[in-house]
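Summary of the model geometry
Listed below, chain by chain, are the residues.
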Amino acid sequence: MLTVPEEAVAPLLGWYGANKRSLPWRDNPTPYRVWISEIMLQQTRVEAVKPYYRRFMAELPDVESLAAVDDDRLMKLWEGLGYYSRARNLKKAARLVVDEYGGVFPHSRGELLKLPGVGDYTAGAVASIAMNLPEPAVDGNVLRVVSRLTGSREDIAKPQTKQAFSDALRKIYPPGRCGDFTQALMELGATVCLPNGEPMCLVCPWRGLCVACREGSTDEIPVKAAKKARSIEEKTVFLLRCGEKAAFRRRPRAGLLAGMWELPNVEGVLPAAQASAQAAQWGAEPLCAVPAGKAVHVFTHKEWHMQGFRIECGREAEAFAWMTRSEFEAALALPSAFRGFLDFLWRGR
Ligand code: SF4
């Protein structure tokens, strides 16, 4: 059974007090503010999240405003962060907090876990940082620093390892400093105990305690099993223009990027003549198809390899919503998978 030494707590808290970064979500860490920041920070760097967070908080400062926001406006605020299902879950969870809990976040990890989109990590972060409960939030950073501190060679990709780390940490959470302890673990992983064999042990508060540092095994720990290769899907993306307007459509309500706006596209890479034929089939009266660049977009489990065609059209086919650039920019959020084509789309008249 994994044990995290209790002597690790005090030096870490001391180091955190002296070295923590000033981050917008660290001021006034209410459950709402911590929750939004943690969801935004999943898969996105701190520096990139800051402007999104400020803009989101300026427009939706509390759970009531999020519960009532228009869906397209929410997607616009989220545009560029990716993983749009997270934004949809935020709104669903906000509604639940307003309707079922009278606008006050439930005060336990178990209840927080019932909110859509809230998993173990987020529940732990909100419970410890905003509510000062002894609930660990174990992400990749925390798995790395605790693996190195304890010399653990358990595979950190396994859920059992995460559970064992969480159980071990819960036993040493310092009463009254739970939020600081969670943030200190995250901060150490983000700024000192860096991945890929480059930890800065000389400035680490755990340098006298850490097994990996003492054994010289920081390039072997943490242990992580290789991931399965992503599948590849080829697509042809259509940049249909009719005068000043361009064609957009909504994706299906279920599945990848559910309900998001997109550029029209079909499976497979078509030659120009077939791309024109496809546009004709949609009723857009195509004039000619010009290659408009290639793009690759990487999702968690798959990659899209896309070929674009720009096609001037004689008719606004009914299958699509046709918008000018300013109408599009004011109202629609386009997933980043398609944004590499926007230059081509709006080029020219
Ligand atoms: S001493 Fe080095 S390896 Fe150990 S926790 Fe600190 S930075 Fe990481």
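Residues numbered from 1 in each chain as written. Predicted model: local features only at pLDDT ≥ 70, side-chain atom pairs only at ≥ 80, totals over all residues. Heavy atoms only, no water.

Next up on the list: the overall build of the protein chain. When you go through the protein chain residue by residue, the secondary structure sums to 16 helices and seven strands. For the protein chain, the C-alpha atoms occupy an extent of roughly 75 × 50 × 30 Å along the three principal directions. Taking as baseline every contact in the protein chain between residues at least 6 positions apart, the subset at least 24 positions apart corresponds to 69%. As displayed, the protein chain has an accessible area near 16,500 Å², and 52% of this comes from carbon and sulfur atoms. Charge-centre separation for the protein chain: the mean point of 46 positive side chains lies 2 Å from the mean point of 40 negative side chains. (Helix = DSSP H or I, 4+ residues; strand = E, 2+ residues; numbered from the N terminus. Contact = heavy atoms within 4.5 Å. Areas by Shrake-Rupley, 256 points an atom, 1.4 Å probe, with all protein chains shown as cover. Lys, Arg positive; Asp, Glu negative; His and termini not counted. Charge placed at Lys NZ, Arg CZ, Asp CG, Glu CD.)

Of note, Glu38 is situated in helix α2 (residues 31-41). There is no salt bridge for the buried Glu38, and the closest opposite charge comes from Arg26, which lies 7.7 Å off by N-O distance. (Buried < 20%, exposed > 50% of the residue type's maximum accessible area, 1.4 Å probe, protein only. Salt bridge = Lys/Arg side-chain N within 4 Å of Asp/Glu carboxyl O.)

The next point concerns the packing of aromatic side chains. Inspection of the entire model under this criterion finds 13 aromatic pairs. Between Phe238 and Trp282, the aromatic rings sit 4.9 Å apart at their centres with planes inclined by 80°, giving edge-to-face as the arrangement. Here the residue Phe238 occupies a position in strand β1 (residues 231-242), and Trp282 occupies one in the loop between α13 (272-281) and β5 (286-298), the gap between them amounting to 44 residues. With respect to burial, Phe238 and Trp282 carry one shared label: buried. Measuring from centroid to centroid gives 5.1 Å for Trp282 and Phe320, while their planes differ by 85°, and the two rings are edge-to-face. Here Trp282, found in the loop between α13 and β5, pairs with Phe320, found in the loop between β6 (302-313) and β7 (321-323); they are 38 residues apart in sequence, far enough to count as distant. Through pairs of rings, three or more aromatic residues link up here, namely Phe238, Trp282, Phe320 and Trp322. Lying across the ring of Phe328, Lys76 places its NZ or CZ 5.9 Å from the centre. (Phe/Tyr/Trp six-rings, centres within 6.5 Å; stacked < 30°, edge-to-face > 60°. Lys NZ or Arg CZ within 6 Å of the ring centre and 35° of its normal.)

With that out of the way, let us pick up the site of the ligand. Around the ligand, the neighbouring residues are Arg148, Val192, Cys193, Pro199, Cys201, Cys204, Trp206, Arg207, Cys210, Cys213 and Thr218. Tallied by class, residues from the shell around the ligand come to eight nonpolar, one polar and two charged. (Near = heavy atom within 4 Å. Nonpolar A, V, L, I, M, F, W, Y, C, P; charged D, E, K, R; others polar.)

Another point: the environment of Thr3. Counting through the fold element by element, Thr3 comes out in the segment before α1 (9-19). Considered as a pair, Thr3 and Ala168 are 165 residues apart in the sequence and their alpha carbons are 5.5 Å apart.

Another aspect to go through is the pairing of β1. Successive side chains on a regular strand alternate, one facing one side of the sheet and the next facing the other. Relative to β6, β1 runs parallel, the two being bridged by 11 bridges. What sits directly across from Lys235, in β6, is Met306. With three bridges connecting them, β1 and strand β4 (residues 265-267) associate as antiparallel partners. Residue Lys235 lies in a different strand from β4, and its bridge partner there is Glu267. Examined bridge by bridge, β1 and strand β2 (residues 245-250) share two bridges and lie antiparallel to one another. Paired with Arg241 across the bridge in β2 is Ala246. Remark: two residues form the turn of the hairpin made by β1 and β2, two consecutive strands paired antiparallel; Gly243 in that turn has positive phi of roughly 60°. (Pairing = 2+ DSSP bridges.)

Moving on, we get to the domain arrangement of the protein chain. Interface extent is often summarised as the accessible area lost during association of the parts. Each assigned domain of the protein chain is listed here: domain 1 (6-215) and domain 2 (231-346). Across the boundary between the two partners, domain 1 contributes eight residues, which contact 15 residues of domain 2. For the domain 1 face of the interface with domain 2, the top three residues by lost area are Asp72, Lys76 and Tyr84, together amounting to 49%. As a salt-bridge pair, Asp72 and Arg250 come within 3.2 Å of each other at their nearest N and O atoms. (Domains from an automatic or database assignment. Buried area = accessible area lost by both parts, 1.4 Å probe.)

For the rest of this paragraph, the subject is the pattern of salt bridges. Following the criterion strictly, the structure yields 21 salt bridges and no others. The salt bridge involving Lys76 is made with Glu79; its shortest N-O contact spans 2.9 Å. Residue classification places Lys76 among the buried positions, given a relative accessible area of 13%. Glu220 serves as the salt-bridge partner of Arg153, at 2.9 Å between the closest nitrogen and oxygen. Here Glu220 lies in the loop between α12 (211-215) and β1 and Arg153 lies in the loop between α9 (140-150) and α10 (159-170), a separation of 67 residues in the sequence. On the basis of relative accessible area, Arg153 is assigned to the partly exposed category, the value being 43%. Look at Glu220 and you get partly exposed, because its relative accessible area is 43%. By sharing partners, the salt bridges in this structure join Arg109, Asp120, Glu135, Asp167 and Arg170 into a single network.

As a further point, take the UniProt feature "domain: HhH-GPD" (unreviewed entry) in the protein chain. Here, UniProt's "domain: HhH-GPD" (unreviewed entry) annotation points to residues 40-191. What you have in residues 40-191 is 66% helix and 0% strand, and the ends, taken at the C-alpha atoms, are 19 Å apart. (UniProt positions renumbered as here; feature names shortened; annotations may be inferred.)

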